[in-house]
Amino acid sequence: MERLDAGRGRALLATTALATILLIGGTTATLAQSSDTPNAGLVAPPADTVIPPPAETASTDTPKADAAPQPEAPVKAEAPAKAEELAPPAPAVAATVAPEAAPPSPIVEAIRKQLADARSSGADGAALAAFYAKRAQPLWVTETGFTPAATHAMTEIARADEWGLEAKQFELPAAPIGGDLTQLASADIKLSLAVLKYARHARGGRVDPQQLSPNLDQKLALRDPAVVLEKIAATDKPGDYLTSLHPKHEQFQKLRVALLKARAGDTGPVPETPAFTAIPDGPQLKSGSKHANVPLLRQRLGLEARAGDQIFDAELVEALKAFQRDKGLPANGQLTPKTRQALNAEAPRPAAKPQSLVPKLVLNMERWRWMPEDMGAFHVWQNTPEYTVRVVKDGAVIHQARVVVGKVGNQTPVFSARMQYVVFHPEWGVPDSIKVKEILPYLKPSSDDLLGGLFGGAFGGGVDTRVLEKHNLRVSFNGKTVDATQVNWNQVDIRRYTFIQPAGSTNVLGLVKFRFPNKHDVYMHDTPQRDLFNKEVRAFSHGCVRVQDPIRFAEVLLQQDKGWMPDQIRGIVAAGQTQEVELTNRIPVHLSYFTTIAAEDGQIKVFDDIYGHDARLAAALAGKYVPPEVVAEASPEAPVKGKKGKKRPVTDNLW
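Residues numbered from 1 in each chain as written. Predicted model: local features only at pLDDT ≥ 70, side-chain atom pairs only at ≥ 80, totals over all residues. Heavy atoms only, no water.

Q: Explain the environment of L509 here, please?
A: Position of L509 among the secondary structure elements: in the loop between β10 (498-501) and β11 (512-515). Linking L509 and P426, residues 83 residues apart in sequence, is a C-alpha distance of 6.9 Å. Apart from the residues within four sequence positions on either side, L509 is in contact with P426, E427, W428, Y523, H525, D526 and T527. (Helix = DSSP H or I, 4+ residues; strand = E, 2+ residues; numbered from the N terminus. Contact = heavy atoms within 4.5 Å.)

Structure below.
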């Protein structure tokens, strides 16, 4: 009996222990629902889990039958079930701490050390150091040598000459020997720096144009070294990325083709210079004249040749009138000296041999790197050495005309802007440079004029205002008209005075002015000096661009911008009133300086380096002394001191 009671006691003790364990488990499961508790990661056991009693309560000598009575068995089953109802299994909680970044490879550690030890690394070195501060694996090497990407990049850099660059300017690494960390790190750094240098040179970074001349007002579109490294790291063909940085302009691509042919030793026949008939000097000819030059004139104008016929007939008169109208000359049908000059000015230049073009091609390819990457689907492109302006739409030239550009000492600058206004019958406000250099010398009293010297013109003596009268210039100060004869021009600042030439047939801007605001105060306009367009060299202005056919130029621009028809524009011109038309869409205007361009048929045309920019750019690219630029010259028409009592001449073509 005692044995039985003892057995029951032990069973009761085991049951109590089991209940206690299950109760604790249920409580723990409940706590697991709160992520704020220290035990948030604990999870209650599933309901069907059997938890054995503690080892010390088990009885190895107790018959199996002794454990058979099951009056409290349901309690064992209910306890875990109730615990599950109170606290269902909690999901596993994600780690809140981010895993540590992968440690840098030994090669990267060596790269970081070498970059840190570098005395002067510049912007490229700084960008590379920042790049590797976040990168765990080298860009170009492994323990066994160069990666395929490294080979791809070096192959392209070695071909730099094919793009008008110089391959010798890029220091490429030699293959590292074995697994030497120092050599591997050095090779990786050297290639990275070569890649960054190539990316800069491809975008025109060899020379800053503004350092060559203030008239080369162009901003380079260089790539951020950090961005270049990111792009390079994201591709397995880095050479393709590097070539993508070169200009996409059609002219650049054509010049490159010509460069490849020239450097490959293209010995093909030099294109023949087109036949041209020049008109020799001789007397002025008109209808009815008989002269040996008449047959040559007929041939020059495309008329049927007549052997032995030296009579200037009506057919020749009409053909010559048409030529004169096209060139802006008086259409009188007579062979005057100016007409003869215009006829001979169109003589073609001899074609250059391909090999001799290499230096010019390289210089002008470099200039295309300075141009805006996107010139605009519709834009105006003026090229100073060519004395030509074009209107380009979707890559096709839809209008082309001759222009007059700035003199050597008054260069037409190189820059890009946006046209905002077309002004019909404009007034002209004299710029400060002309006031100081070309008007003030006339207005200042001459030392030969006693009254002028003593009184500065206060009593009407000494001030020569014929220049103002000749060019119909009104003078004002602070908006009020002044009498120029009553101003002591020796003591005042002429730049504070306003000189205005009203609209009219003698206005230096002609019938139309095209404004694209810029810091150079340069614009395009018409001119009453039409004969200048017939000259082969047309550098006569003070920097602005004079357009040969301004009405047609305006028609093309306004038809694109406003849909206006030519009759509407010619009606505005005929009205004779000053009218400023603001463009709805700003039209990109690019004033450029290319001494070599590719014609439509691929033939290369070469133009004179009128401002000497070729020589300075070539010297800069070669790392040599850059010759100084020609400074603004005194006007050839500026007044000079004459003999006492004689007045100084005032010319018609002062501006």
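Q: Sorry if this is basic, but what is going on with the side chain of N534 here?
A: With respect to the element layout, N534 can be found in the loop between β12 (524-525) and β13 (539-541). When sequence neighbours within four positions are dropped, the list of residues in contact with N534 reads K327, L329, Q341, A342, A345 and R402.

Q: Before we go on, may I ask you to explain the sheet that holds strand β9 (residues 480-481) in this structure?
A: Within a sheet, neighbouring strands are paired by backbone hydrogen bonds and run either parallel or antiparallel to one another. Taken together, four strands build an open sheet; the order of strands is β7-β10-β8-β9 and the sheet is antiparallel. Since the sheet does not close on itself, it has two edges, and those belong to β7 (428-429) and β9, each with one partner. The pairing of strand β8 (residues 474-477) with β9 spans two bridges and is antiparallel. Opposite F477, over in β9, you have K480 as the bridge partner. (Pairing = 2+ DSSP bridges.)

Q: Would you explain helix α10 (residues 250-263) in this entry?
A: Residues that lie three or four places apart on an α-helix share one face, since the helix turns once every 3.6 residues. Helix length check: α10 (14 residues) gives 20 Å between terminal C-alpha atoms against 20 Å at 1.5 Å per residue, within 8%. Considered for burial, the residues of α10 that qualify are Q251, F252, L255, R256, A258, L259 and A262. For α10, the buried positions fall inside an angular range of 165 degrees around the axis, keeping them on one side. Directly after α10, the chain includes G265, whose backbone phi takes a positive value near 80 degrees. (Expected span 1.5 Å × (residues − 1). Buried < 20%, exposed > 50% of the residue type's maximum accessible area, 1.4 Å probe, protein only. Arc of directions from axis to C-beta.)

Q: Can you walk me through the pairing of strand β15 (residues 579-592) in this structure?
A: Each regular strand shows side chains that alternate between the opposite faces of the sheet. When strand β3 (residues 378-383) meets β15, the two strands line up parallel, connected through four bridges. Looking at β15, one finds that V380 is bridged to V589. With nine bridges joining them, strand β6 (residues 415-424) and β15 adopt antiparallel strand pairing. Within β15, the residue paired with R418 across the bridge is P588.

Q: How should I be thinking about the packing of α10 against helix α14 (residues 358-370) in this particular structure?
A: Angle between the axes and distance between the axes: these two values describe a pair of packed helices. Put simply, α10 and α14 touch, their axes get as near as 10 Å, and they point 155 degrees apart. Relative to α14, the element α10 is oriented roughly antiparallel. The crossing of α10 and α14 is left-handed. Across from Q251, F252, L255, R256, A258, L259, A262 and R263 in α10, the residues of α14 making contact are V358, L361, V362, N364, M365, W368 and R369. Partitioned by chemical class, the residues of the contact of α10 with α14 number ten nonpolar, two polar and three charged. (Axes fitted to C-alpha atoms, helices over the stretch in contact; angles between N-to-C directions. Parallel < 35°, antiparallel > 145°, perpendicular 65-115°, else oblique. Left-handed = near helix turned anticlockwise from the far one by under 90°. Nonpolar A, V, L, I, M, F, W, Y, C, P; charged D, E, K, R; others polar.)

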